[in-house]
Amino acid sequence: PVCIARYLCYVALPQFFVASQAVAGDVLASTPDKMGSLLGIQSALISGGFIGGVKIAALLGERGPKVAYGASSLLAVVSGMILAFGQRETLDETHKVSFDVKETKRKVIQAPIAAGHLLVGRGRKIGLLALLFSLQSMPAFIGDVFQVFCRDVWRLGQSAVGDVIAVFGLSGIIASVVGSI
């Protein structure tokens, strides 16, 4: 279960974020002025799920890593199946474009430049927002290293580690709600 959970975390999770942003773009293509609000609400919901997941993982972790990772794997597979069979296409036929490999490669190469431009080239408020979003997202992606640090260096129990990580989720909810107003 540990290997399956780790694989799903590092492969499926980024795909979820890409797909959710694509769905948001498709749905709000006709009203782009509402995109910021939707993404703020979406981010707050994700942070809320993060808090709940951390608390559940802390409780299951007390029974051992196999139980926690097994439950995580099961939930990921069930979620993937629901999305695979239940998610309909959100972009209508008239707006679909074929996938262009060359264009995708160009965008991947330009991504670091675009990120730097977002931090320094779009004004102080946008740069600060991008930096805060990056900082609030870090605990979700630092994985086991942070948990081991909390446990071994700070000597926190599983439940206390969950509380520390949940604070990051709460900060995400607050930032998302304030940012969508």
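As the structure is a prediction and not an experimental result, all values here were calculated from the model. (Residues numbered from 1 in each chain as written. Predicted model: local features only at pLDDT ≥ 70, side-chain atom pairs only at ≥ 80, totals over all residues. Heavy atoms only, no water.)

## Focus on the overall build of the chain
Here is step 1 of the chain: Within the chain, the secondary structure is distributed over seven helices and zero strands.
Here is step 2 of the chain: When the helices and strands of the chain are listed from N to C terminus, the series reads α-α-α-α-α-α-α.
Here is step 3 of the chain: Counting every position in the chain, which comprises 181 residues, the buried fraction comes to 19%.
Here is step 4 of the chain: Counted over contacts in the chain with a minimum sequence separation of 6, partners at least 24 positions apart contribute 66%.
Here is step 5 of the chain: When the accessible surface of the chain is split by element, carbon and sulfur atoms take 71% of a total near 12900 Å². (Helix = DSSP H or I, 4+ residues; strand = E, 2+ residues; numbered from the N terminus. Buried < 20%, exposed > 50% of the residue type's maximum accessible area, 1.4 Å probe, protein only. Contact = heavy atoms within 4.5 Å. Areas by Shrake-Rupley, 256 points an atom, 1.4 Å probe, with all protein chains shown as cover.)

## Quick word on unusual backbone geometry
Here is step 1 of the chain: In the Ramachandran plot, Arg155 falls in the positive-phi region, its phi being about 60 degrees despite a non-glycine side chain.
Here is step 2 of the chain: Within the secondary structure layout, Arg155 lies in the loop between α6 (144-152) and α7 (158-180).

## Points about the nonpolar core
Here is step 1 of the chain: The biggest cluster of nonpolar side chains holds five residues, and these are Val54, Phe146, Cys150, Val161 and Ile165.
Here is step 2 of the chain: At the level of secondary structure, the elements contributing two or more residues to this core comprise α6 and α7. (Core = buried A, V, L, I, M, F, W, Y, C linked by side-chain atoms within 4.5 Å.)

## A few points about the pattern of salt bridges
Here is step 1 of the chain: Counted according to the given criterion, the structure contains two salt bridges.
Here is step 2 of the chain: Here Lys55 makes a salt bridge to Asp163, at a shortest N to O gap of 2.1 Å. You can see Lys55 sitting in helix α2 (residues 35-61) and its partner Asp163 sitting in helix α7, a full 108 residues away along the chain.
Here is step 3 of the chain: Residue classification places Lys55 among the partly exposed positions, given a relative accessible area of 30%.
Here is step 4 of the chain: Look at Asp163 and you get partly exposed, because its relative accessible area is 40%.
Here is step 5 of the chain: One salt bridge in this structure joins Glu103 and Arg106, with 2.2 Å as the shortest N-O distance. Placement of the pair is Glu103 and Arg106 together in helix α4 (residues 101-120), with a separation of three residues, close to one helical turn. (Salt bridge = Lys/Arg side-chain N within 4 Å of Asp/Glu carboxyl O.)

Geometry only, nothing functional implied.
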